[in-house]
Amino acid sequence: MTAAEAAERPAAGGAASARARLTIDLDALAANYRTLREVAAGVEVAAVVKSDGYGLGAAQVARRLRREGARSFFVARLEEGEALRTALGDQGADIYVLDGMVVGAGRRLAAARLIPVLNTVPQVEAAVAFAAGSGAPLPCALHIDTGMNRQGLAVEEACAIAAAPGRLARLDVGLVMSHLGSAHDPSDPRNGEQLARFSAVRPLFPEARASFANSGGTFLGPEYRFDMVRPGVSLYGGGPEERPDPAIATVVRLEAPVLDIRRVAAGEHLGYGSGLVLQSPTRVALLGAGYTDGIIRAARQQGYAWLAGARRRLLAVTMDLTIVEAGDAPVQVGEMAELLGPNVLLDDLAQAAGTVAHEVLVRLSPRAERIYLGG
């Protein structure tokens, strides 16, 4: 070790703590909700808070959005709905469960005042049977598959149900919905194809409201918005076209302390395996966060961190540590590097990792210290 290296490396013990810090700005979340409400003027803006509010805490997210006027929330699992009802209490919120009427769920759905989104003919039949047994109409939604080939009744099944109105007599169908598969790409003809299918089915349920658009779909135009839009990722900072959008505020900042600074000689390997061999002497900084904390390993060499006022290339990502190129910057042990935030954009990190912003968010680990602003 040279004298210069010794001067910039820490005394015994290193940084005081290697814990990463995750800051969640609920005011920025609320600003994104208001932006979406302006785009979808005259239409209800629901909030998708499944997967624990895209990893940011469904209770905190939903309570803040309820203060902004959101009254409809969507979760995936029954258990998520029950937890959200506990968090929101009697605030006049409608909570939809996208899994629908899974086996044995009727009593729990009713107890927590959750609205199942019915996806199959057997689910419709189970909902009718439960309503008959309870003696009261069951509030529910119908999900129509218009081309995702994921959840939802086939168009033909929806038509058959509508043609026999007695099949729904015990149900209070308040919403008919579908889901876009390519809304992030406005030029994809699939969007128009799905819209045509949904527009053909929607009149079969004239008493119900209609919902079709996700985050990207909200921006496609008024013909996609119907009565309710259901944004998810754009509430949390992801662009509607899977790229940074200046209209969408940054909600999440993930930071990690610099644990060490070192110079590595040309020809040396960095990290595991033989994938990265340094071509020239390189000064690197070791950060106290890794893929356990949510930094997707595939982002190495393509992604970047923000340190000492500039972007620093991610060289290696391991379970607990990330190595970045430090150059000649005046980096100090103990200072915080930004791994996600206003200088390391969510969609940029997703692209570097070959994935989408949704996955980056839900991978954020509870190991980092969590700080909520604006709650």
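Look up a bit, the structure's there.
Below or above, wherever it landed, is the structure these notes cover. Here the structure is a predicted model, which means the values were calculated and not measured.

1. Points about helix H5 (residues 78-88)
In step 1: Residues of H5 that are buried include every one of Leu 78, Gly 81, Leu 84, Arg 85, Ala 87 and Leu 88, and no others.
In step 2: Elements in contact with the buried residues of H5: helix H4 (58-67), strand E4 (72-75), strand E5 (94-97), helix H6 (106-111) and strand E6 (114-118).
In step 3: With its phi angle positive at about 60 degrees, Gly 89 sits one or two positions after the end of H5.

2. Quick look at the pattern of salt bridges
In step 1: Inspection of the entire model under this criterion finds 19 salt bridges.
In step 2: Measuring nitrogen to oxygen at the nearest pair gives 2.8 Å for the salt bridge that ties Arg 64 to Glu 68. For the pair Arg 64 and Glu 68, one class covers both residues: buried.
In step 3: Between Glu 241 and Arg 243 there is a salt bridge; the shortest N-O distance is 2.8 Å.
In step 4: One salt-bridge network, in which partners are shared between bridges, spans Asp 27, Arg 34, Arg 64 and Glu 68.

3. A closer look at unusual backbone geometry
In step 1: Positioned with a positive phi, Asp 52 is a non-glycine residue whose angle comes to about 55 degrees.
In step 2: By secondary structure assignment, the location of Asp 52 is in helix H3 (residues 50-54).
In step 3: Since its relative accessible area comes to 43%, Asp 52 is described here as partly exposed.
In step 4: A positive phi angle, close to 55 degrees, is found at Ala 308, a residue other than glycine.

4. A few points about the packing of helix H2 (residues 26-39) against H4
In step 1: Running from N to C, H2 and H4 point in directions that differ by 50 degrees, and their axes come no closer than 10 Å. Relative to H4, H2 is oriented oblique. Read as a crossing pair, H2 and H4 show a hand that is right-handed. Here Leu 26, Asp 27, Leu 29, Ala 30 and Tyr 33 of H2 lie close against H4, whose contacting residues are Gln 60, Val 61, Arg 64 and Leu 65.
In step 2: When the residues that make up the contact of H2 with H4 are grouped by side-chain class, the tally is six nonpolar, one polar and two charged.

5. Re helix H7 (residues 121-134)
In step 1: With 14 residues, H7 extends 20 Å between its outermost C-alpha atoms, agreeing within 8% with the 20 Å of an ideal straight helix rising 1.5 Å per residue.
In step 2: Turning to H7, its buried residues are Val 121, Gln 123, Val 124, Ala 127 and Ala 131. Down the axis of H7, the smallest arc covering the buried residues is 160 degrees, so these residues share one side. Seen from the open side of H7, the exposed residues pointing more than 90 degrees away from its buried face are Pro 122 and Gly 133.
In step 3: Contacts made by the buried residues of H7 are with E6, strand E7 (138-143), helix H8 (155-163) and strand E8 (171-177).
In step 4: Positive phi shows up at Gly 135, right after H7, with a value of about 80 degrees.

6. Side note on the packing of H4 against H5
Pairs of packed helices are described in terms of their axes, by the angle between the two and the distance that separates them.
In step 1: The N-to-C vectors of H4 and H5 enclose an angle of 50 degrees; their axes lie 9 Å apart at closest approach. The orientation of H4 relative to H5 falls into the category oblique. Taken as a pair, H4 and H5 cross one another with a handedness that is right-handed. Judged by residue contacts, Ala 58, Ala 59, Ala 62, Arg 63 and Arg 66 of H4 engage Leu 84, Ala 87 and Leu 88 from H5.
In step 2: Considered class by class, the residues forming the contact of H4 with H5 number six nonpolar, no polar and two charged.

7. A few points about the packing of aromatic side chains
Where two aromatic rings form a pair, the distance of their centres and the angle of their planes describe that pair.
In step 1: In total, this model carries six aromatic pairs according to the counting rule given.
In step 2: Measuring from centroid to centroid gives 6.1 Å for Phe 212 and Phe 226, while their planes differ by 90 degrees, and the two rings are edge-to-face. Taken together, the positions of Phe 212 in the loop between strand E9 (209-211) and helix H10 (215-218) and Phe 226 in the loop between H10 and strand E10 (228-229) put the pair 14 residues apart, joining distant regions of the chain.
In step 3: For Phe 212, a relative accessible area of 0% corresponds to the buried category.

8. Notes on the environment of Ala 337
In step 1: Its location among the elements puts Ala 337 in strand E16 (residues 336-340).
In step 2: With 11 residues separating them along the chain, Ala 337 and Ala 326 place their C-alpha atoms 11 Å apart.
In step 3: For Ala 337, the residues in contact, after removing those within four places along its chain, are Leu 254, Glu 255, Ala 256, Leu 287, Trp 306 and Leu 307.

9. A few points about the pairing of strand E12 (residues 282-287)
In step 1: Counting buried positions along E12 gives five out of six residues, so the element sits mostly inside the fold.
In step 2: The pairing of strand E11 (residues 252-264) with E12 spans six bridges and is classified as antiparallel. Bridge pairing links Val 264 to Thr 282 in E12.
In step 3: Strand direction decides the pairing type here: E12 and strand E15 (residues 322-325), joined by four bridges, are antiparallel. The residue bridging Ala 285 from the neighbouring strand is Val 324, located in E15.

10. Here's the deal with the side chain of Ser 215
In step 1: Among the secondary structure elements, Ser 215 is positioned in helix H10.
In step 2: What makes Ser 215 buried here is its relative accessible area of 4%.
In step 3: Sequence-distant contacts of Ser 215, defined by excluding residues within four places in its chain, comprise Arg 230, Pro 231, Gly 232, Val 233, Ser 234 and Pro 240.

Conventions and cut-offs
Residues numbered from 1 in each chain as written. Predicted model: local features only at pLDDT ≥ 70, side-chain atom pairs only at ≥ 80, totals over all residues. Heavy atoms only, no water. Buried < 20%, exposed > 50% of the residue type's maximum accessible area, 1.4 Å probe, protein only. Helix = DSSP H or I, 4+ residues; strand = E, 2+ residues; numbered from the N terminus. Contact = heavy atoms within 4.5 Å. Salt bridge = Lys/Arg side-chain N within 4 Å of Asp/Glu carboxyl O. Axes fitted to C-alpha atoms, helices over the stretch in contact; angles between N-to-C directions. Parallel < 35°, antiparallel > 145°, perpendicular 65-115°, else oblique. Left-handed = near helix turned anticlockwise from the far one by under 90°. Nonpolar A, V, L, I, M, F, W, Y, C, P; charged D, E, K, R; others polar. Expected span 1.5 Å × (residues − 1). Arc of directions from axis to C-beta. Phe/Tyr/Trp six-rings, centres within 6.5 Å; stacked < 30°, edge-to-face > 60°. Pairing = 2+ DSSP bridges.

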